[in-house]
Amino acid sequence: MTPPVFLVGTDDLSSGPGSTVTVAGPEGRHAAVVRRIREGEAVDLSDGAGLRAPAVVVGVGKDSIDCRLDEVHTDPEPRPRLTVVQALPKGDRGELAVEMMTEAGVDAVVPWAAERCVTRWKGPRVQKSLDKWRNTAREAAKQSRRSRLPEVADLADRRAVADLLGGAALAVVLHEDADLTLATAELPQGDDAHIVLVVGPEGGFSDAELEAFTAAGAVRALLGPTVLRTSTAGVAALSVLQARTGRW
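The rules behind these values
- Residues numbered from 1 in each chain as written.
- Predicted model: local features only at pLDDT ≥ 70, side-chain atom pairs only at ≥ 80, totals over all residues.
- Heavy atoms only, no water.
- Pairing = 2+ DSSP bridges.
- Helix = DSSP H or I, 4+ residues; strand = E, 2+ residues; numbered from the N terminus.
- UniProt positions renumbered as here; feature names shortened; annotations may be inferred.
- Buried < 20%, exposed > 50% of the residue type's maximum accessible area, 1.4 Å probe, protein only.
- Polar contact = N/O pair within 3.5 Å; in protein donor to acceptor, adjacent residues only side chain to side chain.
- Contact = heavy atoms within 4.5 Å.
- Salt bridge = Lys/Arg side-chain N within 4 Å of Asp/Glu carboxyl O.
- Arc of directions from axis to C-beta.

What follows concerns the sheet that holds strand S8 (residues 108-112). Here we have six strands laid out as an open sheet, ordered S9-S8-S7-S11-S10-S12, and parallel in their pairing. Two strands bound the open sheet, and with one partner strand each, they are strand S9 (151-152) and strand S12 (219-221).

Right, dumping it as structure tokens:
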């Protein structure tokens with residue numbers, strides 16, 4: 001069984017192998033109280049930006065653990081980079097989508113206020129909702145033993161999404177009426193390639209959105225014969241690309 005991952009600061013890992021790092025605060029409380037980590041257990045400490053330090057627990061406090069670092073290394077950044085633009089789903093399905101996409105290895109998630117979204121983020125709700133998505137990504141990354149937390153970008157409008165698509169090596173709008181399938185789409189070459197997927201809302205894309213994204217260079221692609229929810233289409237598409245690009 002792979003060791004659990006706990007997040008610490010980058011500076012905490014700078015002292016190198018043989019040093020002792022105390023995991024305190026919410027992470028330490030989770031380790032000592034919720035996970036009931038015990039002395040002698042193996043854990044991985046990470047800064048969430050690629051540094052990973054396999055360690056052994058040498059002490060357990062009331063709400064902290066002390067860990068002796070065995071080594072410190074940087075996990076390679078997965079390539080090509082995979083970004084999903086996610087239209088805002090209803091209810092708590094947004095957090096569900098972020099959780100599943102994080103477990104499937106997404107590198108960045110862009111929340112998108114599509115024209116036909118039922119859910120609207122306005123005023124104080126914008127930051128509150130972003131915090132929920134980011135906390136969900138953080139916890140899902142730890143659960144799936146990732147050393148890199150996916151980025152959850154600020155809320156985007158149609159123009160921001162079009163700009164993102166215009167800079168991608170491959171930009172794909174997932175659409176049920178497409179002739180091309182994601183499984184057969186030509187993939188970009190090179191380690192610096194960036195693939196961007198757009199998942200529409202429950203009400204579908206507007207004509208203006210499709211026109212803007214096509215003008216930005218996006219192609220439309222189909223996942224399969226069934227229609228998926230907006231909260232599950234992203235993880236399905238990521239699974240296809242992870243296998244096709246060799247990241248899995």
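We now examine unusual backbone geometry. Omega for the bond connecting Arg 79 with Pro 80 falls within 30 degrees of zero, at -5 degrees, which places this linkage in the cis form. By the element assignment, Pro 80 lies in the loop between strand S6 (73-74) and strand S7 (81-87). Here the phi dihedral of Arg 36 falls at roughly 55 degrees; this positive angle occurs in a residue that is not glycine. Checked against the element boundaries, Arg 36 lands in the loop between helix H1 (25-34) and strand S3 (42-46).

We now examine the UniProt feature "domain: Ribosomal RNA small subunit methyltransferase E PUA-like" (unreviewed entry) in the protein. In the numbering used here, UniProt assigns the "domain: Ribosomal RNA small subunit methyltransferase E PUA-like" (unreviewed entry) feature to residues 25-69. Between the end C-alpha atoms of residues 25-69 the distance is 19 Å, and the span holds 22% helix and 44% strand.

For the rest of this paragraph, the subject is the side chain of Thr 119. Take Thr 119: it is sitting in the loop between S8 and helix H3 (124-143). Residue classification places Thr 119 among the buried residues on the basis of a relative accessible area of 9%. Within polar-contact distance, the side chain of Thr 119 engages the backbone oxygen of Pro 89 at 2.8 Å. Non-local contacts of Thr 119, meaning those with residues more than four positions away in its chain, are made with Leu 88, Pro 89, Lys 90, Gly 91 and Arg 125.

Turning our eyes to something else, we now look at the environment of Gly 105. By secondary structure assignment, the location of Gly 105 is in the loop between helix H2 (93-103) and S8. With 133 residues separating them along the chain, Gly 105 and Leu 238 place their C-alpha atoms 7.6 Å apart. With near-sequence residues (within four places) excluded, Gly 105 lies in contact with Arg 146, Gln 242 and Arg 247.

Next up on the list: the pattern of salt bridges. Tallying each qualifying case throughout the model produces twelve salt bridges. One salt bridge in this structure joins Glu 27 and Lys 142, with 2.6 Å as the shortest N-O distance. Placement of Glu 27 in helix H1 and of Lys 142 in helix H3 is noted, with a sequence separation of 115 residues between them. Its relative accessible area of 6% is what places Lys 142 among the buried residues.

On to helix H4 (residues 158-166), then. Here H4 has its buried residues at Val 161, Ala 162 and Leu 165. For H4, the angular spread of the buried residues around the axis is 100 degrees, confining them to a single face. Facing away from the buried side of H4, by more than 90 degrees, are the exposed residues Arg 159 and Asp 163. The inward-facing, buried residues of H4 contact S7, S8, strand S10 (170-174), strand S11 (194-199) and helix H5 (207-215).

Another aspect to go through is the environment of Ala 156. Along the polypeptide, Ala 156 turns up in the loop between S9 and H4. As for Ala 156 and Gln 86, which are separated by 70 residues in sequence, their C-alpha atoms are 9.7 Å apart. Contact partners of Ala 156, with chain neighbours within four places excluded, come to Val 110, Pro 111, Trp 112, Ala 113 and Val 161.

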